[in-house]
Amino acid sequence: MKRAALAILTAFIVIQAAACHAAGPRDIVIGLAGDAYSLDPYPLNETITNALNYHIFDRLVEPDKNLQPLPGLAKSWEISDDSRTWIFHLRKGVKFHNGNDFTVDDVIFSFDRSKRSGKSAFTYCLSTVENYEKLDDHTLRVVCKDPNALLLAHLKDLAIMDEETCKGKEDDWIALHPNGTGRYMLEEHLRGDRLVLVRNENYWGEKPAPEKVTFKPITNEGTRTANMLSGAADLVVDIPVRDVKILERNKRISVLSEPSLRVIYLNLAGWTDKPSVDAKMPLRSPDGSNPFKHRKVREAIYRAIDEDEIVDKVMNGFAEPAATYIPEGFNGYNGDIRRLSYDPKMAEKLLDEAGYPRQKDGYRFEVTLDASNDRYINDGAIAGAIAGYLEKVGIKVNLNLMSRTVFFSYISSSNKTGDNTHLCMTGWADSGGESALMALDLVYSIRQDGPVKEGYGGVNRGYYLNPEADRLIDLAMSTSDPEERAKIMRDVWAMAAEDVSYIPLHFQKDIYACNDRIVYHPRKDKYVYAWDVEFKD
């Protein structure tokens, strides 16, 4: 603790000495845990990157603070009785930042771009869509392959780009010249240092209060706290749990804590004989088999981890142990699923029964745990704790920590950089409010050589295969009645839990700090928007 306080003090002095708080009366500085991966909104689907891009780019629909869809660039829509055909009526008179007119051609261009396999992280959004077509300059028809009552929950993720600006340009050029219809326009982006946005005075909707927003990527936890203490930032996201009390003692600073939709969990490659074939540190077992294929081994790993201790000691209480991927309140949440109890003795017994006794060196088999160390709250420390728990039951663990800038590509199940991981710790949050949408991404079957169904199972990094779960997910997606859909999905989640298809750890609590210039209203999905800031004067 003394070392942490010294780090904050050192950073505080440096920041004060170099303070460049050039904020005017309606300017704000926001400290984030990272930078945008790209200002092309499609290569990566990740909270920080998406939220920053949504300042520049609008969507057809946008979620409100309760995650319900509101009109965006689409002012209204209609759905056919069989839930297959949607008609969207677009706003007229909307301009891109460069003055180009917004029309349905821009929507079609953006839809096409979102479907590029290997270049878009949003292929899932239109995976249920059969076709779409222009009816006139401001009317779009979308036809789904099957009844899809949840289309809006996916369309809310698609940023609309300007066809005239982007058509024929290389992706790298597009990322450097973002041109949307959103509330803010790009003024400056110095990667790793700051992203400066200015208010779009010609915005079609209500203008946000801040006239200029500077987002500062601050990957070091102590430096984030120091920026808040020094006044170099008005709002800081992802306050380290260890520093909450330090900030609470400052009367000019308010600390906010909100329950998060984000679950932290482990994926195990348990449905393949040859996991992580490209890994530099592969899985090793005495007989060459994949231990994760055994349900008893997956249960043993679950029971070997003391999640209550992680919440108490690593998260300082700013987390809730999770029994499932799904936040309570989402349609399809199954409250009957309970965490498996922490029981290292039973874990050892299960490992013995599965055929992996301790060897002469005391270990049963060797794995590599891949995790980020700058993406989630205390992610590196959590991964280290898990490695320690597994070592205690005889599983040798190579801890492979990396920055978020490479982590997601490294663990991708779509093999962008090779099949690298057999055990990874990551997180997931969805703001759709429907567990069926999460199941499409997290549970739907995918094989090492590609998806069973194009666009589905994109973050099923354990290659979980379950045709019956797939069938039920398809059924839920075509079911318009929310209660009936919830019943179907509760069965899916019970099935996935029984298979130990993943190991849930906890739901984070999001922690923010802001100064007395502003009031900040955090969102359930943790998307940080400048229009959620109010000035007190």
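Check the entry above for the structure.
Everything numeric here is computed off the predicted structure, so don't read it as measured data.

What counts and how
Counting from 1, residues in each chain are numbered in the order their sequence is written. In keeping with the model being predicted, local features are shown solely for residues with a pLDDT of at least 70 and side-chain atom pairs are shown and tallied solely at 80 or more, while totals for entire chains, interfaces and linings include all residues. Computation of side-chain values: all heavy atoms of the structure, hydrogens and water removed. Each helix corresponds to a stretch of at least 4 residues labelled H or I by DSSP, and each strand to a stretch of at least 2 residues labelled E; elements are numbered beginning at the N terminus. Each radius of gyration reported is based on C-alpha atoms, and the globular scaling rule is 2.2 Å times the count of residues to the power 0.38. In this description, contact between two residues means that some pair of their heavy atoms is separated by no more than 4.5 Å. Only the protein chains shown count as cover for residues, with accessible areas throughout obtained via the Shrake-Rupley method and a probe of 1.4 Å. Lys and Arg are tallied as positive, Asp and Glu as negative. Neither His nor the chain termini are counted. Here the site of a charge means atom NZ of a Lys, CZ of an Arg, CG of an Asp or CD of a Glu. Throughout this description, the term salt bridge denotes a Lys or Arg side-chain nitrogen within 4 Å of a carboxyl oxygen of Asp or Glu. Axes, fitted as lines to C-alpha atoms, cover a helix only where it is in contact. Angles between the N-to-C directions of the axes lie from 0 to 180 degrees. By definition, turning the near helix anticlockwise from the far helix through less than a right angle yields a left-handed crossing, and turning it clockwise yields a right-handed one. For this classification, Asp, Glu, Lys and Arg are treated as charged, while Ala, Val, Leu, Ile, Met, Phe, Trp, Tyr, Cys and Pro are nonpolar and the rest, including Gly, are polar. For this analysis, a polar contact is any N or O atom pair within 3.5 Å, provided that within protein one partner can donate a hydrogen and the other can accept it, and provided that sequence-adjacent residues contribute only side-chain to side-chain pairs. Centre distance within 6.5 Å is the pairing criterion for rings of Phe, Tyr and Trp, where only the six-membered ring of Trp is used; planes under 30 degrees apart are then read as stacked, over 60 as edge-to-face, and the remainder as tilted. Per-residue accessibility, obtained with a 1.4 Å probe over protein chains only, is compared with the maximum for each type, and a residue is labelled buried under 20%, exposed over 50%, and partly exposed between these values. By the criterion adopted, a ring carries a charge over it if an Arg CZ or a Lys NZ lies within 6 Å of its centre and within 35 degrees of its normal. Definition of nonpolar core: a set of buried residues of the types Ala, Val, Leu, Ile, Met, Phe, Trp, Tyr and Cys, connected through side-chain atoms within 4.5 Å. Two strands qualify as a pair provided that DSSP identifies no fewer than 2 bridges between them. The disulfide criterion is simple: two cysteine sulfur atoms within 2.5 Å. The length a helix should cover is 1.5 Å for every residue beyond the first. Arc definition: it is the arc formed by the directions from the helix axis to the C-beta atoms.

1. Here we look at the overall build of the protein
Item 1. Along the protein, the regular secondary structure elements total 16 helices and 21 strands.
Item 2. The C-alpha atoms of the protein give 24 Å as radius of gyration, which agrees with the globular expectation for 537 residues (24 Å, within 12%).
Item 3. The principal-axis extent of the C-alpha atoms belonging to the protein is close to 70 × 60 × 40 Å.
Item 4. Looking at the protein alone, contacts between residues at least 24 apart form 69% of all its contacts between residues at least 6 apart.
Item 5. Here the protein displays about 21,800 Å² of accessible surface, and carbon together with sulfur accounts for 49% of that area.
Item 6. Charged side chains in the protein number 68 positive and 81 negative. The centres of these two groups are separated by 4 Å.

2. Digging into the pattern of salt bridges
Item 1. One pass over the structure, following the stated rule, counts 39 salt bridges.
Item 2. Two residues, aspartate 105 and lysine 134, come together in a salt bridge whose shortest N-O distance is 3.3 Å. Here aspartate 105, found in helix α3 (residues 104-114), pairs with lysine 134, found in strand β6 (residues 129-136); they are 29 residues apart in sequence, far enough to count as distant.
Item 3. Connected via shared salt-bridge partners are Asp40, Arg113, Arg116 and Asp171.

3. Here we look at the packing of helix α10 (residues 307-314) against helix α12 (residues 379-392)
Item 1. Packing of α10 against α12 leaves a shortest axis separation of 11 Å and a crossing angle of 140°. In this structure, α10 meets α12 at a crossing whose hand is right-handed. Mapping the contact onto sequence places Glu309, Ile310 and Val314 in α10 and Ala381, Ile382, Ala385, Ile386 and Tyr389 in α12.
Item 2. Tallied by class, the residues present in the contact of α10 with α12 amount to seven nonpolar, no polar and one charged.

4. With respect to the side chain of glutamine 508
Item 1. With respect to the element layout, glutamine 508 can be found in strand β19 (residues 503-515).
Item 2. Only 3.2 Å separates the side chain of glutamine 508 from the backbone nitrogen of isoleucine 377, close enough to count as a polar contact.
Item 3. Ignoring sequence-local partners within four residues, the contact set of glutamine 508 consists of Pro259, Ser260, Arg262, Ile264, Phe318, Ala319, Tyr376 and Ile377.

5. Side note on the packing of aromatic side chains
We describe a pair of aromatic rings using the distance from one ring centre to the other and the angle between the two ring planes.
Item 1. In this structure the tally under the stated criterion is 20 aromatic pairs.
Item 2. Between tryptophan 77 and phenylalanine 88, the ring centres sit 6.4 Å apart and the planes meet at 45°, which makes this aromatic pair tilted. Of this pair, tryptophan 77 sits in strand β4 (residues 74-79) while phenylalanine 88 sits in strand β5 (residues 85-90), placing them 11 residues apart in sequence.
Item 3. Centre to centre, the rings of phenylalanine 292 and phenylalanine 365 are 6.4 Å apart; their planes meet at 85°, and the pair counts as edge-to-face. Of this pair, phenylalanine 292 sits in the loop between β12 (253-268) and α9 (295-304) while phenylalanine 365 is found in strand β14 (residues 365-372), placing the two residues 73 residues apart along the sequence. Take phenylalanine 292 and phenylalanine 365: they sit in the same class, and that class is buried.
Item 4. An aromatic cluster of three or more residues is present, and its members are Tyr54, Tyr527, Tyr529 and Trp531.
Item 5. Directly above the aromatic system of tryptophan 531 lies the positively charged group of arginine 183, at a separation of 4.0 Å from the ring centroid.

6. Description of the nonpolar core
One broad trend across soluble globular proteins is that nonpolar side chains are buried collectively.
Item 1. Ile30, Leu60, Phe88, Phe111, Leu140, Val142 and Leu155 are the most contacted members of the largest nonpolar core, which totals 64 residues.
Item 2. Membership of the second largest hydrophobic core comes to 60 residues, among which are Ile239, Ala354, Ile382 and Leu423.

7. Description of the sheet that holds β6
Item 1. Read from one edge of the open sheet, four strands run β4-β5-β7-β6, paired in antiparallel fashion. What marks the edges here is a single partner per strand, and that holds for β4 and β6. The sheet shows a mean angle of 20° between the axes of neighbouring strands, taken without regard to direction.
Item 2. Pairing of β6 with strand β7 (residues 139-144), which is carried by six bridges, proceeds in the antiparallel orientation. Pairing of asparagine 131 across the sheet is with valine 143, part of β7.
Item 3. This element, α3, spans β5, β6 and β7 of the sheet and lies at about 160° to β6.

8. Considering the state of the cysteines
Item 1. The tally for this structure, following the rule as stated, stands at zero disulfides.
Item 2. With no disulfide of its own, cysteine 125 lies 12 Å from the sulfur of cysteine 144, the closest cysteine sulfur.

9. Regarding the environment of threonine 405
Item 1. When you line up the elements, threonine 405 lands in helix α13 (residues 404-411).
Item 2. Distance from threonine 405 to histidine 422, taken between C-alpha atoms, is 20 Å for residues 17 residues apart in sequence.

10. Digging into helix α16 (residues 482-498)
Item 1. Across its 17 residues, α16 extends 24 Å between first and last C-alpha, which sits within 8% of the 24 Å expected from 1.5 Å per residue.
Item 2. Where α16 is concerned, the buried positions are Arg485, Ala486, Ile488, Met489, Val492, Trp493 and Ala496. Buried positions in α16, seen along its axis, are confined to an arc of 165° and lie on one side of it. Those residues of α16 that are exposed and aimed more than 90 degrees away from the buried face are Glu483 and Glu498.
Item 3. Packed against the buried residues of α16 are α14 (435-442) and α15 (467-477).
Item 4. Following α16 by one or two positions, valine 500 has its phi on the positive side, about 50°.

11. With respect to the environment of valine 443
Item 1. Inspection of the secondary structure assignment puts valine 443 in the loop between α14 and β17 (446-447).
Item 2. Placed 264 residues apart in sequence, valine 443 and asparagine 179 show a C-alpha to C-alpha distance of 35 Å.
Item 3. Once residues within four sequence positions are removed from consideration, valine 443 is found in contact with Tyr325, Met438, Asn460, Tyr464, Asp470, Ile473 and Trp493.

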